[in-house]
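# Breakdown of the fold
Chain residues, written in single-letter form:
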Amino acid sequence: MIRRHVLTALAAALALSACGQKPADKTAAPKELTFSILSAENQASMAPLWQPMLDDMSEQLGIKVKPYFATNYTSLIEAMRFNQVQVGWFSALPALEAVRRADGQVLGRVIDSGGVDSYESVLIVKKGSGITLDDVLKCGKRYSFGIGDAKSTSGTLAPMTYLFSPRGIEPAACFKGVRSASHQANVFSVANGVLDVATNNSVGLVFAGRENPEIAAKIEVIWRSPPLPESSIVARKDLDPAIKEKLRQFFLTYGTGTGPRADKQREVLKGLAYGGFRPADDSYLDPIREMEASEALADAKRGGDAAKIAKAQAAYDDIRAKAAQRRAVNPDV
């Protein structure tokens, strides 16, 4: 019995020794990739639009690429953080969070069908309601308000940064009720009179007009933000470098060139309301960093603490200076 235990222990030690001699390669090429997609509209409508691109991606990479649909931005970030997904489509603010917290790296950015790499946050009301932007900004708890996910660039950050915070308006104190929901839910709620006012974005309205023209015809825009950085493709930094470069080239060349294959790819992009992709790195998110810092400064000013205001102001100035420096080196950012 003792001899058996000794032999078992010796075998285990030898196995461990062998493992030590040949450590696992953390950057070995994966056999499968998971690509995350925010179901900003709904999975049933988004899946058919993305699957042809994922099939093309699988063919070019030589490995299976499967989708991961999430209904909120936090789920996307956490899935990448815990390596449940290795690459995905992120709007700007969640992309920044993925870079910070989920070992993410920007591979490229989206452009629309006209070659523009930005979009707008909007405020919508029911057509014929008579509600104007001036009415909304008077507050007085007159209207119900639909805001976006807390991590939404256009649904929350942009309207706070460019519309409400500069006027000292806190939505919870301004409106008779505030509800957080997806862009699609906000469109339906406003169109059906469930909400008086809601946030959305110019891309979301394109989808609404295409998927539900009768609903889209019932809403109108009363405010538009300055241009916001379009969404991006983000991959984990520890993904095999060869696979990561193949991914980068796949997106940057997708829908380019001539011939039936390129024509088919352009049709796929058209379904997503995209024109293609451009090179980008994490510096493309500088406008989001500035918006965040601006919001932090506005929040500090609302609190009235001089020390916190000074700290927030210093952070804001530092972020703006670094962004300006990067733009001076690379004006295309």
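### Digging into helix 4 (residues 92-101)
The buried fraction of helix 4 is high, at eight of ten residues. The complete set of buried residues in helix 4 reads Ala92, Leu93, Pro94, Ala95, Leu96, Glu97, Ala98 and Val99. Just beyond helix 4, the residue with positive phi is Asp103, at close to 60°.

### Observations concerning the packing of aromatic side chains
The final tally for this structure, using the stated rule, is twelve aromatic pairs. A centroid spacing of 6.5 Å and a plane angle of 80° characterise the contact between Trp50 and Tyr274, whose relative ring orientation is edge-to-face. A residue pair is termed long-range when its members are at least 10 positions apart, and Trp50 in helix 2 (residues 43-61) and Tyr274 in the loop between helix 12 (260-271) and strand 13 (276-279) qualify at 224 residues. Ring geometry for Tyr274 against Phe277: centres 6.2 Å apart, planes inclined by 75°, an arrangement best described as edge-to-face. Residue Tyr274 is classed as buried on the basis of its relative accessible area of 7%. Among the aromatic residues, those joined into a cluster by ring pairs are Phe35, Trp50, Trp89, Phe250, Phe251, Tyr254, Tyr274 and Phe277.

### Structural notes on the sheet that holds strand 8 (residues 177-180)
With mixed pairing, five strands are arranged side by side in an open sheet as 8-7-9-6-10. Whereas interior strands pair on both sides, the edge strands pair on one side only; in this sheet they are strand 8 and strand 10 (219-224). When strand polarity is set aside, the average angle formed by the axes of neighbouring strands in this sheet is 30°. Bridge count between strand 7 (residues 144-147) and strand 9 (residues 197-201): two bridges; the pairing is parallel. What sits directly across from Phe145, in strand 9, is Val197. Docked against the sheet, helix 8 (residues 183-191) engages strand 6 (121-126), strand 7, strand 8, strand 9 and strand 10, running at close to 140° with respect to strand 9. Its contacts with the sheet put helix 9 (residues 202-211) on strand 6, strand 9 and strand 10, and the angle it makes with strand 9 is roughly 95°.

### With respect to the pairing of strand 1 (residues 32-38)
With six of seven residues buried, strand 1 is to be regarded as a mostly interior element. With seven bridges connecting them, strand 1 and strand 2 (residues 64-70) associate as parallel partners. Bridge assignment links Ser36 to a residue of strand 2, and that residue is Tyr68. Pairing between strand 1 and strand 3 (residues 87-90): two bridges, direction parallel. Bridging across to strand 3, Ser36 finds its partner in Gly88.

How each quantity is defined
- Residues numbered from 1 in each chain as written.
- Predicted model: local features only at pLDDT ≥ 70, side-chain atom pairs only at ≥ 80, totals over all residues.
- Heavy atoms only, no water.
- Buried < 20%, exposed > 50% of the residue type's maximum accessible area, 1.4 Å probe, protein only.
- Helix = DSSP H or I, 4+ residues; strand = E, 2+ residues; numbered from the N terminus.
- Phe/Tyr/Trp six-rings, centres within 6.5 Å; stacked < 30°, edge-to-face > 60°.
- Pairing = 2+ DSSP bridges.
- Axes fitted to C-alpha atoms, helices over the stretch in contact; angles between N-to-C directions.
- Contact = heavy atoms within 4.5 Å.

As far as function goes, none of this settles anything; it's purely spatial.
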